[in-house]
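Chain and residue survey
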Amino acid sequence: MKPTTIEKVFNLMDKTLFKMICKTEEEREAMKKYLIATLAML
Amino acid sequence: MGEKEIRLYNERIELFKNATEHKPMKRVPVFAITDNWALFYYGTTLKEALKDPKLEYAAYEKGLCDFAYDGSAFAGITMPMNFVTALGGGQYKDMDTLQIQTGQSLNMPAEDYDKLIDDPYRYILNNMLPKKFSLLSGKKVLPMFMKFASAMGQMGGWAGNKAKAMENFKNNHGLPILNSVPSFVAADIILDGLRDFKGIMTDIRRCPDKVAAASMAITDQLCIPSISYAQKEPSDELYPQLYLHLPPWIRPKAFEQVYWPGFKKYLDEFASRGYKLIIFFEKNYSHLYNYLKDLPKNHIIGLFEEDDLPTVKKEIGDVICVGGGIKTEDLMFKTPQECVDISKGIIDQMAPGGAFVFAPNKILLAANDAKPENLKAVTEFVRDYAVY
């Protein structure tokens, strides 16, 4: 399935900002999931 | 950090730890659940404090340290509002108390439950966020990326300010802020973020199996995997916080089907990793004690708003540390002596046997949630009287 615009944005964030913040891939995955849950609640 | 502050800090951490773990306590700890009330007390506004982290800290410093608290749930403004503003949207319209009003969070049609169950991450990302936040609804990747990265800077700023404030409270006042990043129960994400109150109540009647399946999918795929980001490791100084919204409005049978499985699994996961939690049992839970008896033992401080505290202690006090106490109505409308008398009654009933934390019955949000002189009288009284 072709990624949507917002998915492409999150993929870019994953390769840049999230990579800077988190030391491991596991941490990045945890952060992304936390971020999505938080955005759902804000 | 001076010697006095170190001693105070460690004593206070031990008070909360022992209360949570059902161990002998030196005295009943007094817990602050002060939110925007601190801004009113200081004489500023949310709008002003959001522009100035130093002002925000000064307001919360006064709002916490003018009173005899042993710990606090919050170190400052509880929501990353500058981040929300940068995203363009969200459901916090009341900028004085940061309360969500009903009707603001219908972001998913009932027909989409299967999509949500199948992949909650992709569903929320693709279907909900672009509708909710104007920044995330664009068509061009690079401009959206740049703006989103900038908005994330606001989120980082908020988190950084919180961490700094917590450090200052510890070093300058020996005051623990038992606050980790807030966590969310899956069914409350459906209520508060996706279907709104009317929607989910209808769903529970018409398709409870779908609500239950969505709750478990969100628990398994979002909530549990994000625990380590919410707080990297367990600590006696940091307690992830949960705010429960749906349970008071649904019958036990519905609770058992749609809420309890995900909630229990989530809490058991936290407990198995050694975390302690603070749970805000908002409204009334007297119809659910039979379930709450199965919560993980010695890991939870439960703050109860409307339940009769002695009954809570009798029913589930051997499992969780019970928290709560004087009503905000009393703190606002009674005299200091009347408030002290009420607090004495609460301590006499609740302190025996330990595992009790004294706090107002509700989070202090608005200016009329408490008179400062009553808070001062009560916190100082409990600190001095509730000694074992």
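Right, let's walk through the structure included here.

Criteria and cut-off values
Residues numbered from 1 in each chain as written. Chains lettered and ligands numbered in written order. Predicted model: local features only at pLDDT ≥ 70, side-chain atom pairs only at ≥ 80, totals over all residues. Heavy atoms only, no water. Axes fitted to C-alpha atoms, helices over the stretch in contact; angles between N-to-C directions. Helix = DSSP H or I, 4+ residues; strand = E, 2+ residues; numbered from the N terminus. Parallel < 35°, antiparallel > 145°, perpendicular 65-115°, else oblique. Left-handed = near helix turned anticlockwise from the far one by under 90°. Contact = heavy atoms within 4.5 Å. Nonpolar A, V, L, I, M, F, W, Y, C, P; charged D, E, K, R; others polar. Core = buried A, V, L, I, M, F, W, Y, C linked by side-chain atoms within 4.5 Å. Buried < 20%, exposed > 50% of the residue type's maximum accessible area, 1.4 Å probe, protein only. Phe/Tyr/Trp six-rings, centres within 6.5 Å; stacked < 30°, edge-to-face > 60°. Buried area = accessible area lost by both parts, 1.4 Å probe. Salt bridge = Lys/Arg side-chain N within 4 Å of Asp/Glu carboxyl O. Polar contact = N/O pair within 3.5 Å; in protein donor to acceptor, adjacent residues only side chain to side chain. Disulfide = S-S within 2.5 Å.

1. Remarks on the packing of helix 3 (residues 25–41) of chain A against helix 7 (residues 120–132) of chain B
Look at helix 3 of chain A against helix 7 of chain B: their axes get within 10 Å of each other, and the N-to-C directions meet at 40°. Put simply, helix 3 of chain A runs oblique to helix 7 of chain B. The two elements helix 3 of chain A and helix 7 of chain B cross, and the hand of that crossing is left-handed. In contact with Lys32, Lys33, Ile36, Leu39, Ala40 and Met41 of chain A of helix 3 of chain A, helix 7 of chain B contributes Tyr121, Ile124, Leu125, Met128, Leu129 and Lys132 of chain B. Grouping the amino acids of the contact of helix 3 of chain A with helix 7 of chain B by side-chain chemistry returns nine nonpolar, no polar and three charged.

2. Digging into the nonpolar core
One broad trend across soluble globular proteins is that nonpolar side chains are buried collectively. Membership of the largest hydrophobic core comes to 128 residues, with the highest contact counts inside it found for Phe10 of chain A together with Leu129, Phe148, Phe263, Leu295 and Phe358 of chain B. Beyond its immediate stretch of four places on either side in the chain, Phe10 of chain A contacts Phe18, Leu35, Ile36 and Leu39 of chain A together with Tyr121, Leu125 and Phe148 of chain B. Core analysis: the next-biggest nonpolar cluster, separate from the first, contains 20 residues, Tyr9, Phe31, Phe74 and Val357 of chain B among them.

3. Quick look at the packing of aromatic side chains
Tallied over the entire structure, the rule returns 24 aromatic pairs over all chains. Members of the aromatic cluster, joined through ring pairs, are Phe255, Tyr259, Trp260, Phe263 and Tyr291 of chain B.

4. Observations concerning the interface of chain B and chain A
Taken together, the 45 residues of chain B in the interface contact 27 residues of chain A. Summing the contributions of chain B and of chain A, the shared interface buries around 3300 Å²; its carbon and sulfur component is 79%. The largest per-residue losses of area from chain B upon contact with chain A belong to Tyr121, Phe145 and Tyr229 of chain B, which jointly make up 19% of the total buried on that side. Linking chain B with chain A are two salt bridges, by the criterion used here. Notably, a salt bridge pairs Arg122 of chain B with Glu7 of chain A, separated by 2.6 Å at the nearest N-O pair. Across the contact surface, chain B and chain A share six residue pairs in polar contact (both at pLDDT 80 or more).

5. A short note on the pattern of salt bridges
Residue and element names in this part refer to chain B. Counted according to the given criterion, the structure contains 28 salt bridges over all chains. Salt-bridge contacts for Lys23 lead to Glu21; the nearest nitrogen and oxygen are separated by 2.8 Å. With relative accessibility at 40%, the residue Lys23 sits in the partly exposed group. Exposure remark for Glu21: the relative accessible area of 15% places this residue in the buried category. Sharing partners across several salt bridges, the network here consists of Lys17, Glu21, Lys23, Asp236 and Lys276.

6. Concerning the state of the cysteines
If you walk through the whole model with that rule in mind, you get zero disulfides over all chains. Of all cysteine sulfurs in the structure, the one in Cys223 of chain B sits closest to Cys207 of chain B, which takes part in no disulfide; the separation is 19 Å. For Cys207 of chain B, a relative accessible area of 15% gives the class buried. The closest cysteine sulfur to the non-disulfide-bonded Cys223 of chain B is located on Cys22 of chain A, 18 Å from its own sulfur. The class for Cys223 of chain B is buried, based on a relative accessible area of 3%.

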